[in-house]
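# Commentary on secondary and tertiary structure
The residues making up each chain are set out below.
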Amino acid sequence: MSKNRKITLSESEIPTHWYNVVADMPNKPLPPLNPGTGEPIGPEALAPLFPMELIKQEVSQEQFVEIPEEVRDIYAMWRPTPMFRAYNLEKMLDTPAKIYYKYEGVSPSGSHKPNTAVPQAYYNMKEGVKKITTETGAGQWGSALSFACSMFNIECEVYMVRISYDQKPYRKMMMQTWGADVYPSPSERTQAGQKILAQDPDTPGSLGIAISEAVEMAAMNDDVKYSLGSVLNHVLMHQTIIGQEAIKQLEKDGADLPDFVYAPFGGGSNFAGLSLPFVHLNLTQGTNIQCIASEPTSAPKLTKGVFRYDFGDTVGMTPLIPMYTLGHTFVPAKIHAGGLRYHGAGAVVSQLLADGLIGAEAIDQLETFEAGVMFAKAEGIVPAPEANHGVASVIRKAKECKESGESKTILFNMCGHGNFDMLAYQDYFAGNLKKHEMTQSEVDEATSKIDAPTIESVQEMLANM
Ligand SMILES: *Cc1c(COP(=O)(O)O)cnc(C)c1O
């Protein structure tokens, strides 16, 4: 049995294909709906916002989609990413569990997000798009897309959630260094932004509002397209290189397949990226690997939300998507894990959760920072506040293993470093972070405002078509 701390692969082992779980799903995700007519929308409705190739991927039923050579070439700047055996953390916890983590913080922008930003910028460039608009919460997605656009000489316009714009000037600078234009959202540049500002001039903003702004900009201009860093199927698919590499790395280390796979959950992309290749093994080879998403108790869409059709943005400009949601008008508490404050989950991960093929748990922010600090002391890397949720889940499970004496194998996604999130750590150390849990009655209140068809009514409609 090897004693490697670090398990690496060569550049030639960068996956050649993305994995599309839709091909293997027993129940396919339900289609998006036109909010006006309530009818399923076809791919053509997405054409004003996305390049054709990404729309094809969004609705693809193929099990594997080939990664273009130009994209693999840029992936090689930081991929394959290393996997680590967390010996020090195991020792600190005195657990018989074997803990592995995949480290995505080695990318240029410091998280998993360039894995999809690069192919998205590439396909836009191929189809002659001049500018891409997007939203960003914590700044991770905006910086990833800014980097990717600079690789292909495309302009990038970023709507950054106001609270992050104020709290995270370094991420903003990073985007500007790569050549992007960054605006605090809500802004006066769009009708969506103007409308929100008129109601609440001091709003901290939200991802949903910023999405409304970026979508509006793209919809109004022919050579401008929009890009989303999570939630959509093509985004989740691009991230599956993480899990594919992880399987090779565990094999190379002579390790067992994991019993548990954990990752933090915002819209689902880094969770899907690590876990879907393991879900593939469960669905095609009969393994029983438990894949569990870690979400904040302050935005508990998976553990307390409803599985309903809902808008992807706040204003209601996107198609209706079948998702676990807290309601599209939900404005989350100002917790530091900005990337996890989104109201909904992607259609694919939502269907997988509804079918019991993945699991979820919610963790309070104090427990997540405690876990992150412990991880930093043990393994050196200071995790992003989002990533701390996955770490906290792992520590819970490792403690359980200590109680039961079971030597389970645990894998998780260290999806980004926290080097630009020191303000969050400062707040934690100063005792300024409070426990925050959204109660079921608050969730019920927020979700009661959803005015869209139920999953059951759409299933019925489709059965009669
Ligand atoms: C964006 C981000 C997340 C949340 O988004 P997902 O799509 O759920 O992965 C989590 N962690 C980090 C470091 C991020 O940048």
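Preceding block: the structure.
One structure accompanies this document, and this report is about it.

What counts and how
- Residues numbered from 1 in each chain as written.
- Predicted model: local features only at pLDDT ≥ 70, side-chain atom pairs only at ≥ 80, totals over all residues.
- Heavy atoms only, no water.
- Near = heavy atom within 4 Å.
- Polar contact = N/O pair within 3.5 Å; in protein donor to acceptor, adjacent residues only side chain to side chain.
- 1 Å grid on protein atoms, 1.4 Å probe; cavity = no way out; pocket = protein on both sides within 12 Å on 5 of 7 lines; lining within 4 Å.
- Sits in = over half its atoms within 2 Å of the grid points.
- Nonpolar A, V, L, I, M, F, W, Y, C, P; charged D, E, K, R; others polar.
- Domains from an automatic or database assignment.
- Pairing = 2+ DSSP bridges.
- Helix = DSSP H or I, 4+ residues; strand = E, 2+ residues; numbered from the N terminus.
- Salt bridge = Lys/Arg side-chain N within 4 Å of Asp/Glu carboxyl O.
- Buried < 20%, exposed > 50% of the residue type's maximum accessible area, 1.4 Å probe, protein only.
- Core = buried A, V, L, I, M, F, W, Y, C linked by side-chain atoms within 4.5 Å.
- Contact = heavy atoms within 4.5 Å.
- Phe/Tyr/Trp six-rings, centres within 6.5 Å; stacked < 30°, edge-to-face > 60°.
- Lys NZ or Arg CZ within 6 Å of the ring centre and 35° of its normal.
- Points joined across faces, edges and corners; volume = space filled by probe spheres on them.

To continue, consider the site of the ligand. Contacts to the ligand come from 16 residues, most closely from Lys113, Ser230, Gly266, Ser269 and Asn270. A distance of 2.7 Å separates an oxygen atom of the ligand from a polar side-chain atom of Ser269. Within the side chain of Asn270, one N or O atom sits 2.8 Å away from an oxygen atom of the ligand. In a pocket analysis with a 2 Å cut-off to the grid points, the ligand is assigned to the largest cavity. Grouping the amino acids of the shell around the ligand by side-chain chemistry returns 4 nonpolar, 10 polar and 2 charged. If you count residues domain by domain, the shell around the ligand takes at least three from each of domain 1 (6–15 + 69–110 + 240–463) and domain 2 (19–63 + 112–233).

This part covers the sheet that holds strand S11 (residues 290–296). The strands that make up a sheet are held in pairs by hydrogen bonds between backbone atoms, and each pair lies either parallel or antiparallel. If you walk across this open sheet you meet the 7 strands as S1-S4-S5-S15-S10-S11-S14, and the pairing is mixed. Two strands close off the open sheet at either side, each with one partner strand: strand S1 (6–7) and strand S14 (359–363). Here 6 bridges tie strand S5 (residues 98–103) to strand S15 (residues 409–414), and the two strands are oriented parallel to one another. Across the sheet, Tyr103 pairs through a bridge with Met414, a residue of S15.

Let us now look at the pattern of salt bridges. Inspection of the entire model under this criterion finds 16 salt bridges. Of the charged contacts in the structure, one is a salt bridge between Glu400 and Lys397, with a shortest N-O distance of 3.0 Å. Linking Glu400 with Lys397, this pair stays in helix H16 (residues 387–404), spanning 3 residues, or about one helical turn. On the accessibility criterion, Lys397 (13% relative accessible area) is buried. The salt bridge involving Glu406 is made with Lys408; its shortest N-O contact spans 3.6 Å. The class for Lys408 is partly exposed, based on a relative accessible area of 24%. In the salt-bridge network here, residues are joined through shared partners; they are Arg79, Lys102, Glu104 and Glu245.

This part takes up the nonpolar core. Of all hydrophobic cores here, the largest spans 35 residues; its most connected members are Phe271, Phe278, Cys291, Val349, Ile358 and Leu411. Domain assignment of the residues forming this core places at least three in each of domain 1 (6–15 + 69–110 + 240–463) and domain 2 (19–63 + 112–233). Contacts of Leu411, omitting those with residues within four sequence positions, involve Met83, Tyr100, Tyr101, Lys102, Ala246, Leu250, Pro258, Phe260, Val261, Tyr262, Leu274 and Phe278. Membership of the second largest hydrophobic core comes to 33 residues, among which are Val65, Ala144, Ala148 and Cys149.

It is worth spelling out the packing of aromatic side chains at this point. Geometrically, a pair of aromatic rings is defined through the distance of the ring centres and the angle of the planes. Here the structure, examined in full by the defined rule, presents 18 aromatic pairs. Centroid distance Tyr122 to Tyr123: 5.3 Å. Interplanar angle 65 degrees. Geometry classified as edge-to-face. For Tyr122, a relative accessible area of 6% gives the class buried. Look at Tyr123 and you get buried, because its relative accessible area is 7%. Within the aromatic cluster, the residues linked to one another by ring pairs are Tyr75, Trp78, Phe147 and Trp178. Directly above the ring of Tyr165 sits Lys172, whose terminal nitrogen or CZ lies 4.0 Å from the centroid. The side chain of Arg189 reaches across the aromatic face of Tyr183, ending 4.0 Å from its centre.

If you walk through the whole model with that rule in mind, you get 4 cavities of 30 Å³ or more. Taken as a whole, the largest cavity encloses approximately 380 Å³ of empty space. Considering the residues around the largest cavity, the lining is formed by 29 residues, among which Lys113, Leu207, Ser230, Gly267 and Gly339 are closest to the centre. Residue composition of the lining of the largest cavity, by class: 11 nonpolar, 15 polar and 3 charged.

This paragraph deals with the pairing of strand S7 (residues 155–161). Most of S7 sits out of view: 6 of its 7 residues are buried. Pairing geometry for strand S6 (residues 131–136) and S7, over 6 bridges, is parallel. Paired with Thr134 across the strands is Val158, a residue of S7. As judged from the 5 bridges shared by S7 and strand S8 (residues 181–185), these two strands associate in the parallel manner. Residue pairing for S8: Glu157 is matched across the bridge by Asp181.

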